Amino acid sequence: MIDWYILAPAAFFAGMVDAVVGGGGLIQIPVLLGQFPQTAIPTLFGTNKVASIAGTGAALWRYARAVRIPWGIVLPATAAALPGAWLGAALVAWISRDAMRPLIIVLMIAVALYTFLRKDLGQQSKHVSQRGERWKGALFGFVIGLYDGFFGPGTGSFLIFGFVRVFGMDFIQGSAGAKVVNFATNLSAIAFFASHGPILWQIGLIMAACNLAGSYFGTRLALKHGAGFIRKAFLGVVVILIGKQLLDLL
């Protein structure tokens, strides 16, 4: 018996959070694991990606219509993230993910403190020559893709922080840019999981509809309330991520 009264609201809320600052997987994956405890992990992760990509795509479409996305930086980052994610997934065979967890916690705490102390960070976009930043964007995308393929939690938050801190975007542009990269890596992940086991397509597609609705609501909130709202939501999600990683570590 599928508890849709749990799955549907979880997918909606995940889509809403993901549209603003990322981190929807923190909501959907534990719910899927709880609802289908006997199902293989690759199947559930693939199902989560099916649900997530609908909301990510919708958020990307709305951001692209309302926000000037620096494509000269974002597209090289997206292209480089794909091979980075593949290599990251391959590294799992040689390096333990648990060994990386303390470093990731330290990085997240540093990101949270830096964002909190720099009140003006990401409030206004700075003019950056996109022509000269393409290779830096590609390197950034590759590193983030590597992390996403290897470990994963907080990828959206690291993307937003990087686009804001390194490339001078405001939080709205950073969130929009993160959606472009996330959409591509989600598509790649679906292909990977589908080739390594079955995906619960019916569950995933129904959750995708709920995720889509949540994404629409979250994007409206972000565009209406601006960079200040996204900054606060970003800090909230990063703090939750830190708490989650500390609990897993302990």
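Everything discussed here concerns the structure shown above.
Residues numbered from 1 in each chain as written. Predicted model: local features only at pLDDT ≥ 70, side-chain atom pairs only at ≥ 80, totals over all residues. Heavy atoms only, no water.

Is there a simple way to explain the nonpolar core in this structure?
Nonpolar side chains in soluble globular proteins tend to end up buried together. In this structure, Tyr63, Met108, Phe163, Ile230 and Phe234 are the most contacted members of the largest nonpolar core, which totals 46 residues. Listed by contribution, the elements that provide at least two residues to this core are helix H1 (4–20), helix H3 (41–66), helix H4 (71–91), helix H5 (97–117), helix H6 (130–150), helix H7 (155–165), helix H8 (171–195) and helix H9 (201–249). It is H9 that provides the largest number of residues to this core, a total of eight residues. Each residue touching Ile230, except ones within four places of it in the same chain, is listed here: Val20, Val21, Tyr63, Phe171, Ile172, Ser175 and Ala222. (Core = buried A, V, L, I, M, F, W, Y, C linked by side-chain atoms within 4.5 Å. Buried < 20%, exposed > 50% of the residue type's maximum accessible area, 1.4 Å probe, protein only. Helix = DSSP H or I, 4+ residues; strand = E, 2+ residues; numbered from the N terminus. Contact = heavy atoms within 4.5 Å.)

Please clarify how a nonpolar patch on the surface should be interpreted in this entry.
A contiguous nonpolar surface patch, about 410 Å² in accessible area, is contributed by Ile109, Leu113, Phe116 and Leu117. Along the chain, Phe116 turns up in helix H5. According to the relative accessible area criterion, Phe116 is partly exposed, its value standing at 46%. (Patch = residues over 30% accessible without salt bridge, like charges linked within 9 Å, V, L, I, M, F, W, Y side chains within 5 Å. Areas by Shrake-Rupley, 256 points an atom, 1.4 Å probe, with all protein chains shown as cover. Salt bridge = Lys/Arg side-chain N within 4 Å of Asp/Glu carboxyl O.)

Just checking my understanding: could you explain the packing of aromatic side chains for this structure?
In this description, an aromatic ring pair is defined by two values, namely the gap between the centres and the angle between the planes. Per the stated rule, a full pass over the model turns up nine aromatic pairs. Measuring from centroid to centroid gives 5.6 Å for Phe171 and Phe234, while their planes differ by 50°, and the two rings are tilted. One end of the pair, Phe171, is in helix H8; the other, Phe234, is in helix H9, and 63 residues separate them in sequence. For the pair shown, Phe171 and Phe234 are each scored as buried. (Phe/Tyr/Trp six-rings, centres within 6.5 Å; stacked < 30°, edge-to-face > 60°.)

In this structure, what is going on with helix H2 (residues 25–35)? I would like to understand it.
Residues lying three or four places apart along an α-helix face the same way, a consequence of the helix completing one turn every 3.6 residues. The complete set of buried residues in H2 reads Gln28, Val31 and Leu32. For H2, the angular spread of buried residues about the axis comes to 100°, placing them on one side. Looking at the buried side of H2, the elements it contacts are H1, H3 and H9. (Arc of directions from axis to C-beta.)

When you look at the pattern of salt bridges in this model, what are you seeing that I'm missing?
Where side chains of opposite charge bring their charged atoms close, a pairing between them can arise. Tallied over the entire structure, the rule returns one salt bridge. A salt bridge links Lys136 to Glu133; its shortest N-O distance comes to 3.3 Å. Here Lys136 pairs with Glu133, and both are found in helix H6, just three residues apart, close to one helical turn. Exposure remark for Lys136: the relative accessible area of 39% places this residue in the partly exposed category. By relative accessible area, Glu133 is classed as buried at 14%.

Please explain the packing of H2 against H9 as it appears in this structure.
Angle between the axes and distance between the axes: these two values describe a pair of packed helices. It is the contact of H2 with H9, at a shortest axis distance of 12 Å, that shows an interaxial angle of 105°. Between H2 and H9, the angle is such that the two are roughly perpendicular. Contacts between H2 and H9 involve Leu26, Gln28 and Leu32 on the former and, on the latter, Met207, Asn211, Ile240, Leu241 and Lys244. Taken together, the residues of the contact of H2 with H9 break down into five nonpolar, two polar and one charged. (Axes fitted to C-alpha atoms, helices over the stretch in contact; angles between N-to-C directions. Parallel < 35°, antiparallel > 145°, perpendicular 65-115°, else oblique. Nonpolar A, V, L, I, M, F, W, Y, C, P; charged D, E, K, R; others polar.)

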